[in-house]
Amino acid sequence: MTSPLSNCGRGQLLYKKAKQLIPGGTQLLSKRPEMFLPDYWPAYYERAAGADVWDLDGKRYVDMSYCGIGSTVLGYSDPDVNTAVKTAIGRGNMCTLNAPEEVELAELLLDLHPWAEMVRFGRCGGEAMAVAVRIARAATGRDKVAFCGYHGWHDWYLAANLKKDDALNQHLLPGLDPAGVPRGLLGTALPFHYNKTKELQEIVTKHRKELAAIVMEPMRDQEPTNDFLQAVRKIANETGAKLIFDEVTSGFRVNTGGVHLKMGVEPDIAVFAKAMGNGYPMSAVVGRANVMQAAQKSFISSTYWTERIGPVAALATIKKFKERNVSKHLILIGGLVKSAWLNAAKKCGLKIHVGGLDPLAHFRFEGPEGQEAKTLFTQLMLERGFLASTSFYAMLAHTPAHVQEYSRALRKSFAVISNAMSDGRIASLLKGPVSHSGFARLT
Ligand SMILES: Cc1ncc(COP(=O)(O)O)c(C=O)c1O
């Protein structure tokens, strides 16, 4: 289906230009307009504050979607974090000497995670995961990594697709191509599925003496069943592999710190990013001293890991998290949105599946036209003033009133989708092409 780009806003025109200048158009797959509403997603923002976003045409939307791709857990442009950051900027963000706030942040993270004794810092999630895997490899002198879930763009992880280029398909992002990843890494990243202890055991049977790490999110979409986390911990103990919990997205949502604190299983390393800096780049690799000391055997070092804004933003964010009991609010708002999805779907007879931790909620339209329905949902909600997709990442800035407004728009949009689905008319209601569901080369 062709679409007249002339009436789709300045954001789309800029994005067209971006694709000529920037391979793939954006720096993050999840921010590609094609992932939401090809040709019509506003694509760029002029300003964002609280839960509000203004596009390049000055249109205001309430963000009920990925909210800074899960990074702005307090809300956009949080005044308390901004004040702390502005003070840091005033005092000089960079220097030949180190920023003292990183020691304060290390102490705070260790207070929150009493099983751990040492911390290294980075600025991004995937990067911190690469640091954690390097430390585990250095600590064990082994190469192989058993993993489940998505962990970023680095070679250690994409190596899984060297063997079978669909190995990662069921680990969040389908279609990831390992082009450019050295073939020498073939067989070093071994996938298993969440809650499938047997799959991990099979990996252990073949690679027991070579396993450096077991890498996974302690929880994301599903609850652990049959003491899965305990079983993984036991396997790590028996093999000597280091257990790395990726809390890049799950951390600082349902409690102040890692979700693993609520699940009764302690890793050897936990990795944080996203929410801990409320939109300012910051990540942390938190671990047991005997494992973390191996960082000294390897060379892990980068200039901008020493700047000041990141730790200052994290200290201000975590302080507010504690003072305002932010996780309680995120759970409440996420739970309300999940109920709104279920109620609206029930009312019009639409079949959906709802899942995820309450603050990281998502749903899926059932049936063969699921992707078309998802695209139409985004289109209809955009027309009603919401940035919306099939995921909702709650922020402190979201109020029950936001959810009420959203629910009204949701009911109307679901009714349209339900009617169109029963008549097989979904595609004909789309103004542009169907959204992408994974990685694809853009032209
Ligand atoms: C669990 C998990 N690990 C790692 C990453 C990568 O983090 P980043 O995009 O900051 O590199 C993500 C990002 O979505 C994630 O969800």
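Worth saying up front: this structure is predicted, and the values here are computed from it rather than measured. (Residues numbered from 1 in each chain as written. Predicted model: local features only at pLDDT ≥ 70, side-chain atom pairs only at ≥ 80, totals over all residues.)

### Looking at the overall build of the chain
No. 1: On a plain count of helices and strands, the chain comes out with 14 helices and 14 strands.
No. 2: Radius of gyration (C-alpha) of the chain: 22 Å, near the 22 Å computed for a compact globule of 443 residues.
No. 3: Along the longest, intermediate and shortest principal axes, the C-alpha atoms of the chain span 60 × 55 × 40 Å.
No. 4: Sequence-distant contacts, at least 24 apart, represent 75% of the contacts inside the chain between residues at least 6 apart. (Helix = DSSP H or I, 4+ residues; strand = E, 2+ residues; numbered from the N terminus. Rg over C-alpha atoms; globule rule 2.2 N^0.38 Å. Contact = placed C-beta atoms within 7 Å.)

### Things to note about the sheet that holds strand β12 (residues 360-365)
No. 1: With antiparallel pairing, 3 strands are arranged side by side in an open sheet as β11-β12-β14. Only two strands of the sheet have a single partner each, and these edge strands are β11 (352-355) and β14 (391-393). Each strand axis lies, on average, 15° off the axis of its neighbour in the sheet, ignoring direction.
No. 2: With 4 bridges connecting them, β11 and β12 associate as antiparallel partners. Bridged to valine 354 within β12 is phenylalanine 363.
No. 3: Sheet contacts for helix α11 (residues 326-348): β11, β12 and β14; angle to β11, the most-contacted strand, approximately 170°. (Pairing = 2+ DSSP bridges. Axes fitted to C-alpha atoms, helices over the stretch in contact; angles between N-to-C directions.)

### Brief notes about the domain arrangement of the chain
No. 1: With domains assigned, the chain is organised as domain 1 (5-77 + 325-429) and domain 2 (94-307).
No. 2: Inter-centroid distance (C-alpha atoms) of domain 1 to domain 2 is 29 Å.
No. 3: On the domain 2 side, the residues contacting the 14 residues of domain 1 number 13 residues.
No. 4: Residue contributions to the side of domain 1 that touches domain 2 peak at 3 residues, all from α11.
No. 5: Partitioning the side of domain 1 that touches domain 2 into residue classes produces 7 nonpolar, 7 polar and no charged. (Domains from an automatic or database assignment. Nonpolar A, V, L, I, M, F, W, Y, C, P; charged D, E, K, R; others polar.)

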